[in-house]
Amino acid sequence: MEIDPRRFITELLGQKIQATAENRMNIGIFENTTNRNIYRIGNFENHSEFQAEKQLWLFPQFNIGISLRDQDLASLSKQKNRAMLYFILVVDLFFIASAFLVFRTIRKEVRLAQIKSDFISNVSHEIRTPLALISMYAETLEMNRLKSEDKKKEYYRVIFGESKRLSDIVNRILNFSKLESGKRTFNFSNFDLNELVEKIMLSYEYHLNIKGFAYQVELFQQSILIHADFEALSDAFINLLDNSIKYSPVLKSINVRTGIEGGFGFFEIADKGIGIAREHHKLIFDKFFRVAKGNTAYMAKGTGLGLTIVKNIVDAHQGKIEVSSKLNEGSVFRVLIPINK
Ligand code: ADP
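About the criteria used
- Each residue is numbered by its place in its chain's sequence as written, counting from 1.
- With pLDDT at 70 or above as the cut-off, local features in this predicted model cover only qualifying residues; side-chain atom pairs require 80 or more to be listed or tallied, and sums for whole chains, interfaces and linings still use all residues.
- Side-chain measures were taken over the full set of non-hydrogen atoms in the model, leaving aside hydrogen atoms and water.
- Axis angles are defined between N-to-C directions and span 0 to 180 degrees, where every axis is a line fitted to C-alpha atoms and, for a helix, only to the segment in contact.
- Each helix corresponds to a stretch of at least 4 residues labelled H or I by DSSP, and each strand to a stretch of at least 2 residues labelled E; elements are numbered beginning at the N terminus.
- Handedness of a crossing follows from how the near helix is turned relative to the far one, being left-handed for an anticlockwise turn of less than a right angle and right-handed for a clockwise one.
- Residues count as neighbours in contact if any of their non-hydrogen atoms are within 4.5 Å of one another.
- Amino acids are sorted into nonpolar (Ala, Val, Leu, Ile, Met, Phe, Trp, Tyr, Cys and Pro), charged (Asp, Glu, Lys and Arg) and polar (every other residue, Gly among them).
- The nonpolar core is taken to be a set of buried Ala, Val, Leu, Ile, Met, Phe, Trp, Tyr and Cys residues, with the residues joined through side-chain atoms within 4.5 Å.
- With a 1.4 Å probe rolled over the protein chains alone, any residue whose accessible area is under 20% of its type maximum counts as buried; one over 50% counts as exposed, and the rest are partly exposed.
- A pair is scored as a salt bridge if a Lys or Arg side-chain nitrogen falls within 4 Å of a carboxyl oxygen belonging to Asp or Glu.
- Multiplying 1.5 Å by the helix residue count minus one yields the expected span of that helix.
- Two axes enter the bend calculation: one fitted to the seven residues ending at the residue in question, the other to the seven starting there, and the bend is the angle between them.
- Any N or O atom pair separated by 3.5 Å or less is treated as a polar contact, with the protein-specific requirement of one donor-capable and one acceptor-capable atom, and with residues adjacent in sequence counted only for side-chain atom pairs.
- If even one non-hydrogen atom of a residue comes within 4 Å of a molecule or strand, that residue is called near it.
- The accessible surface values rely on the Shrake-Rupley method and a 1.4 Å probe; as for residues, cover is taken only from the protein chains in view.
- Oblique is the label for any angle not covered by the other classes, which are roughly parallel (under 35 degrees), roughly antiparallel (over 145) and roughly perpendicular (65 to 115).

J.: Sorry, what's going on with the packing of helix 5 (residues 230–246) against helix 6 (residues 306–316) here?
T.: How two helices sit against one another is set out by the angle between their axes and by the gap between those axes. The contact between helix 5 and helix 6 brings their axes to 9 Å, and the two run at 145 degrees. Seen from above, helix 5 lies across helix 6 with left-handed handedness. Of helix 6, the residues touching helix 5 (which contributes Ala-232, Leu-233, Asp-235, Ala-236, Asn-239, Leu-240 and Asn-243) are Gly-306, Leu-307, Ile-309, Val-310 and Ile-313. Here the contact of helix 5 with helix 6 is composed, by residue class, of 8 nonpolar, 3 polar and 1 charged.

J.: I tried to follow the nonpolar core on my own but got confused; where do I start?
T.: Proteins that are soluble and globular tend to have nonpolar side chains buried together. Of all hydrophobic cores here, the largest spans 40 residues; its most connected members are Leu-233 and Phe-237. When near neighbours in sequence (up to four residues on either side) are disregarded, Phe-237 contacts Leu-196, Val-197, Ile-200, Met-201, Val-256, Phe-267 and Ile-269.

J.: Just to check I follow, could you spell out the pattern of salt bridges for this structure?
T.: As a working rule, side chains carrying opposite charge can pair if their charged atoms are close by. Counted under the stated rule, the structure contains 11 salt bridges. Close ionic contact of Glu-261 with Arg-334 constitutes a salt bridge, the shortest N to O distance being 3.0 Å. Taken together, the residues span a long stretch of sequence, with Glu-261 in strand 8 (residues 253–261) and Arg-334 in strand 11 (residues 330–338) at a distance of 73 residues. Taken together, the shared-partner salt bridges connect Arg-257, Glu-261, Glu-268 and Arg-334 into one network.

J.: Sorry if this is basic, but what is going on with helix 1 (residues 5–21) here?
T.: In an α-helix there are 3.6 residues to a turn, and that puts residues three or four apart on one side. Taking 1.5 Å of rise per residue, 17 residues should cover 24 Å, yet helix 1 covers just 21 Å from first to last C-alpha, more than 12% shy of that figure. In helix 1, a bend of some 45 degrees at Leu-13 exceeds every other bend along the element. Elements that come into contact with the buried residues of helix 1 comprise strand 1 (25–31), strand 2 (37–41) and strand 4 (62–68). Sitting at the head of helix 1, Asp-4 places a side-chain oxygen 3.2 Å from the backbone nitrogen of Arg-6. Downstream of helix 1 by one or two residues, Glu-22 has phi in the positive range, about 45 degrees.

J.: Got a minute to help me understand the site of the ligand in this structure?
T.: Among the 21 residues in the neighbourhood of the ligand, the closest are listed as Asn-243, Tyr-247, Arg-290, Thr-303 and Leu-307. Here an oxygen atom of the ligand sits 2.9 Å away from a polar atom, N or O, in the side chain of Lys-246. In the complex, the protein chains occlude 99% of the 530 Å² of accessible area that the ligand would expose alone. Where the shell around the ligand is concerned, the elements lending two or more residues are helix 5, helix 6 and strand 11. The element that contributes the greatest number of residues to the shell around the ligand is helix 5, accounting for 3 residues.

J.: Would you mind showing me how to read the packing of helix 4 (residues 193–210) against helix 5 here?
T.: Packing of helix 4 against helix 5 brings their axes to within 10 Å, and their N-to-C directions diverge by 40 degrees. Between helix 4 and helix 5, the interaxial angle falls into the category oblique. The interaxial crossing formed by helix 4 with helix 5 has right-handed handedness. In this structure, helix 4 uses Leu-193, Leu-196, Val-197, Lys-199, Ile-200, Met-201, Tyr-204, His-207 and Leu-208 to contact helix 5, whose residues at the interface are Phe-230, Leu-233, Ser-234, Phe-237, Ile-238, Leu-241, Asp-242 and Ile-245.

J.: Can you help me understand unusual backbone geometry in this one?
T.: With glycine set apart, most residues show a phi of negative sign, and most peptide bonds adopt trans. Phi is positive for Asn-144, which is not a glycine, with a value near 60 degrees. Even without glycine at this site, Phe-288 takes up a positive phi of about 70 degrees. Position of Phe-288 relative to the elements: it lies in the loop between strand 9 (264–271) and helix 6.

Dropping the structure here:
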């Protein structure tokens, strides 16, 4: 079979060229020997108007000439290069952004895993110590090894104190999980904030004395009437007081004050303990956060939940919590609750 080059070019190749050119190019095919034009797309006079001309690979007796209608080839190639560059840039940016997101997620996961494992080890440690003491003291009492009544009383007191500590830890975790899931309900009533502080300080008198604390309570001269949940606010106060005791290993001095300021009634607990560095002031209210971690000079036990619970309770009362503290000098925590109009 023999192919007629003219027919092949005009009928078959021509269609393909037309589709590729899309009205953007002038294309002409010429016979080499006679220079006769056998196929054309667009308007042109002669060869000199083409920007590129080449022999047809399949039929070397013909030449194909191409020129762009609105642009020259250099600017088209420039445009293509620029488009390619933008494309590479976008792809690069996409990869960089993905890598950053993956890195951030992994870092968050690692931090969360670390926090979880710290929390479990802190809680286990906190629970193990009172359990060991209770079991040891109860065993000694059960074996009737103690003859003096005073000694027995002391052992009972330790057992009572340690079991209270255990229930405090469990309550704190339960409170936290209730607050987190929004299941803690608040029972609001009207009462005097001075009464709340006085009642708790009275119940803590023995505890503070036995731990060697010097303390002062300055109650506002008038009653501070607020609409709040007595139990929840007591929890908040006790959490702050416990922290002041826990983080005052050397200078054991606590000052409690109540007052009224700008439409709020407040209580304030000041200590002369280890204090908190400025950069940690905001973080201490985050769940599980503990500054004392890694501080070899002073390792106090804790779960890192106390201040998160306090903050949640204060928020539920549309109140505010303020901290002013300096490292190695002490801390002041102040809780403000709107007063009754
Ligand atoms: P926990 O006491 O169980 O660690 P908190 O949420 O009550 O948890 O407190 C968070 C962190 O804030 C503590 O680990 C401690 O480093 C710091 N902190 C809280 N209260 C005081 C305080 N009165 N003095 C010094 N540091 C404190």
